[in-house]
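If you want the building blocks of each chain, they are given just below.
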Amino acid sequence: MSSLQQAISFLSGTGMLIALAVFVLGCLFHVIRYIGGLDAKKDRVAYGYHADRSVPGIFASIFKWLLPCATAGWRSAPLTTFIFFCMHAGCVLVPLFVAGHVVLLKSALGIEAGLPMLPLAVADVLAAVTIAGVLICAVRRLVSPFQKALTSGADWLILFLTGAPFVSGFLVRVCCPDSAELMLVHLVCGNLFLLLAPFTKLSHIVLFFMSRAQLGMEYAIKRGGQTRGGVFDW
Amino acid sequence: MEGNLCNSRPIDTEERLKELMADKGGAEYYKQMESLDVDPAKVMDIINSSMTSKIKTWLNNCAHCGMCARACHFWLTSDKDATQIPSYKIQSTLGEIIRRKGHVDAKFMMDAMDTAWGKCTCCNRCGVYCPLGIDTGVMMSYFRGVLFKLGFIPWEMKIGSGMHRVYHAQMDVTEEDFVDTCDWMAEESAEEWPGLTIPVDKENADIMYILNAREVKHYPNDIAETAILFHIAGENWTVPSSGWENTSLTMFAGDWEGCKMNTQRIYDAIKRLNPKSVVGTECGHAHRATVVEGPYWCGQESGDPPVPFYHYVEWVAHALREGKLKIDPAKKLKGPVTLQDSCNYVRNHGLGKYTREIMSYICEDFRDMTPSGDHNFCCGGGGGLNGIGRYRQWRNVSLKNKLDQIQNTGADLVVAPCHNCWDAIRDMFEVYEIKTIKWSFLKPLLISMVEIPDNIEHVTE
Amino acid sequence: MKTASIKRIAFSLAVLAGILFLGQQAQADGDAPFIKIAKTGISAEKMPAVVLSHEAHIKHADDDCSVCHTEAEDKYLNIDTLAPAKRQGAVHAACASCHIQKGKGPLLAQCSSCHSQQRLANLDSKKK
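Residues numbered from 1 in each chain as written. Chains lettered and ligands numbered in written order. Predicted model: local features only at pLDDT ≥ 70, side-chain atom pairs only at ≥ 80, totals over all residues.

Before going further, it helps to spend a moment on the overall build of chain A. Secondary structure summary: chain A contains eleven helices and zero strands in total. For chain A, the α and β elements follow one another from N to C terminus as α-α-α-α-α-α-α-α-α-α-α. For the C-alpha atoms alone, the extent of chain A along its principal axes is close to 65 × 40 × 35 Å. Expressed as a percentage of its 234 residues, the buried residues of chain A come to 44%. Taking the intrachain contacts of chain A between residues at least 6 apart in sequence as the baseline, contacts between residues at least 24 apart amount to 73%. (Helix = DSSP H or I, 4+ residues; strand = E, 2+ residues; numbered from the N terminus. Buried ≥ 20, exposed ≤ 12 C-beta atoms within 10 Å, placed from the backbone. Contact = placed C-beta atoms within 7 Å.)

A few words now on the interface of chain A and chain B. Residue-level contacts link 49 residues of chain A with 41 residues of chain B. Among the secondary structure elements, those contributing two or more residues to the side of chain A that touches chain B are helix 2 (14-36), helix 3 (40-43), helix 5 (72-76) and helix 11 (204-221) of chain A. Sort the elements by how many residues they give to the side of chain A that touches chain B and helix 11 of chain A lands first, with nine residues. Across the side of chain A that touches chain B, the residue classes tally to 18 nonpolar, 17 polar and 14 charged. (Nonpolar A, V, L, I, M, F, W, Y, C, P; charged D, E, K, R; others polar.)

A word on the arrangement of the chains. Of all two pairs of chains in contact, the one with the most contacts involves chains A and B. You won't find any contact between chain B and chain C; their C-alpha atoms come no closer than 15 Å.

Residue and element names in this part refer to chain B. Under the 1.5 Å per step criterion, the end-to-end length of helix 9 (residues 136-150) is 21 Å for 15 residues, consistent within 8% with the ideal 21 Å. Among the 15 residues that make up helix 9, 14 are buried, leaving the element largely enclosed by the rest of the structure. Among the residues trailing helix 9, Gly151 stands out with phi positive, at a value near 95 degrees. (Expected span 1.5 Å × (residues − 1).)

Glancing now at the pairing of strand 5 (residues 333-339) of chain B. All names here are of chain B. Inspection of the sheet shows strand 5 paired to strand 6 (residues 363-366) by three bridges, in the parallel sense. By the bridge assignment for strand 6, Val337 is matched with Phe366. For the crossover that starts at strand 5, traverses helix 18 (residues 352-362) and ends in the parallel strand 6, the hand is right-handed. Strand direction decides the pairing type here: strand 5 and strand 7 (residues 413-415), joined by three bridges, are parallel. Residue pairing in the sheet places Thr338 in a bridge with Val414 of strand 7. (Pairing = 2+ DSSP bridges. Right-handed = clockwise from strand over helix to strand, strands pointing away.)

With 29 residues of chain C at the contact, the number on the chain A side is 35 residues. Listed by contribution, the elements that provide at least two residues to the side of chain C that touches chain A are helix 1 (3-26), helix 3 (84-102) and helix 4 (111-114) of chain C. Counting residues per element, the side of chain C that touches chain A draws most heavily on helix 1 of chain C, at eleven residues. By residue class, the composition of the side of chain C that touches chain A is 14 nonpolar, twelve polar and three charged.

Attention shifts here to the nonpolar core. A general trend in soluble globular proteins is that nonpolar side chains are found buried together. Within the largest apolar cluster, 161 residues are counted, with the highest numbers of intra-cluster contacts made by Cys68, Met139, Leu147, Val316, Ala416, Ile425 and Leu442 of chain B. Ignoring any residue separated from it by four or fewer positions in sequence, one finds Val316 of chain B in contact with Ile358, Leu442 and Leu446 of chain B. Phe84, Val134, Phe166 and Leu202 of chain A belong to the second-largest nonpolar core, a separate cluster that totals 45 residues. (Core = buried A, V, L, I, M, F, W, Y, C linked by C-beta atoms within 7 Å.)

Glancing now at the packing of helix 2 of chain A against helix 10 (residues 180-196) of chain A. All names here are of chain A. For the pair helix 2 and helix 10, interaxial distance at closest approach is 7 Å and the crossing angle is 30 degrees. Comparing their axes, helix 10 and helix 2 come out roughly parallel. Helix 10 is crossed by helix 2, and the crossing has left-handed handedness. On helix 10, the residues touching Gly15, Met16, Ala19, Leu20, Val22 and Phe23 of helix 2 are Asn191, Leu194 and Leu195. Of the residues contributing to the contact of helix 2 with helix 10, the split by class is seven nonpolar, two polar and no charged. (Axes fitted to C-alpha atoms, helices over the stretch in contact; angles between N-to-C directions. Parallel < 35°, antiparallel > 145°, perpendicular 65-115°, else oblique. Left-handed = near helix turned anticlockwise from the far one by under 90°.)

Shown next as structure tokens:
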């Protein structure tokens, strides 16, 4: 086997599993550290009380914000919301459900059961939309009055970490299916995403749920949701 | 260098309070602030001992998307000034201090103070519009607490905190002054309403009423109006001689210790007099400080006050619903009326449904603002901003947002059951020369339209 | 990290894409005849069927047909005896392990090298 193929073999096998483990353990660590780091007294939120309100509050806070039209926040910025959801749909669905990934994971773990696989055409469209979304986000960071003064290196980093596996994977599909070199680039980028995610703002993959749950509880227990059974009118 | 006027110590003596108040506008105070030392270790110690994963995550994970900008009345009236984006405001102050591990100078801290009190009213609207649920209003309030401990707070806030600590009220109104004023108002009102009393320190009453020192000092009629309405409704009520003052400039100032003292005084009065419930006056931040945040400062683990605690609008809605107060249909408000949603008890306690219930009884042409309720905008003067001279011009610009909202309803009356909202609306009409719109608290409106039951004697000249 | 960095990243990606595109064009198409691996349980919309060079496989199997044709000449890799749900995993395992052992042929990660839309289209057009 050439060294190129050895690299491909490692990065789609053991290497991928290591990256995945770092990703999963890193995300788990974030969750534990977040929950363990809350303090009812310092936060002034009685987390342990009023579960009849706080549980619906948590669900409303998370799930309303997972739907593009369900909160005043999303509705206040329709174009941003549209781009955001298009990008995130692909970001979540493609890595999890594209056929190649499902097969590799099954093979690496030595198991037969796997996640369902997307039709190729659907994956192609999602990936293209995601890439367009990433590019638009990049341009927006440069020109939008909402973002020019706010954007930092950390924001560029995660745009790159997200865009690179998508661009390289998409190129394999549409331009160079037989290119081992391009596949290697894709594997490197994909594994880099997994390895670095817990250490960058990509941690929002889990921390979104944590901070939304927390604010949902806060609004349910003490603030505007407390007269509505915990469900604030997001 | 800690000055005699500007330093990191809270004001807890009348002497120091008077000394600071004598420095008109805080001229010398702010001058001394320029030389106030910043000890990085002290800064980081304050932050590290008080910051939980909630705020840490808010700071670290902000995606810098800028959606909070559209939610903020400061940004909306600023011609897209990036320094008014809520995320920018907190990241460039608290976020920056943490990034620099406390190595900042007095100039930086004074700019941070200007942001924390001059560019934010802690209305929490930005938090409602953030996809990640980052409440920059809560963070700014937290940051005010940090600044308070270091001495970088506006002159009027330092005085306000001192007032509460020295006089147990937001103004120099002593307990004697208060009881005297109650007696005076009861005496005057009893001429028109025979049998009306303002019971002081009555035990086991249904309602213990607490209020704003401003009412005692500047318009004691408010106390008379309260008494008349309780009298008509047949309520068994009282006021406490100690723990009667509900407000909390300490909360605006970030003086958490002072906040605890205020709330504990009220909770002690509850213990002493054993009322079934407490009703507070028409004040937004008082409700937030005493009912929403107060339980936590006073060690109530459940986050609930020791007895049911109502904002005035909750009592009014209840009284109208139960028929304790009846509105004479002929005296209902006929013209177009709109309603101000006070952030501290609407967005932050969900009481907007009660104010709207009241509107359905008292007016025929109610026009809600856009947006309204939990999503309504801050009046522009909350969080202590109304009272801070240093930021008056900034505040006046941001008032334009609420003014536009009011004018867009076509109403000629704004009902504003909140002292700060009431002040902000008064000021915006003055600054922008609006003479055709009136504004009012609830009490005077109710007095003018309530039916007098047969068992209540009313002597009219 | 502002405009200069983005330009650098964009430029690198463009160069990379260019090299790879040219590299791909230079590859030969392999030996004819090509055969299609059917009945693997994957639908065409999820993955194009595998089309491989029979000649190349005969060569690398040292003329031992039973490596792939484990039961009979017209069957391969126990595909008829396996439950449909298990076929994909079994075929992948068999093909990939032999490729790794011989040091020849695509790895499992190189999906499109076996599941080639181009070769499938060529094969289908030749059959017409």
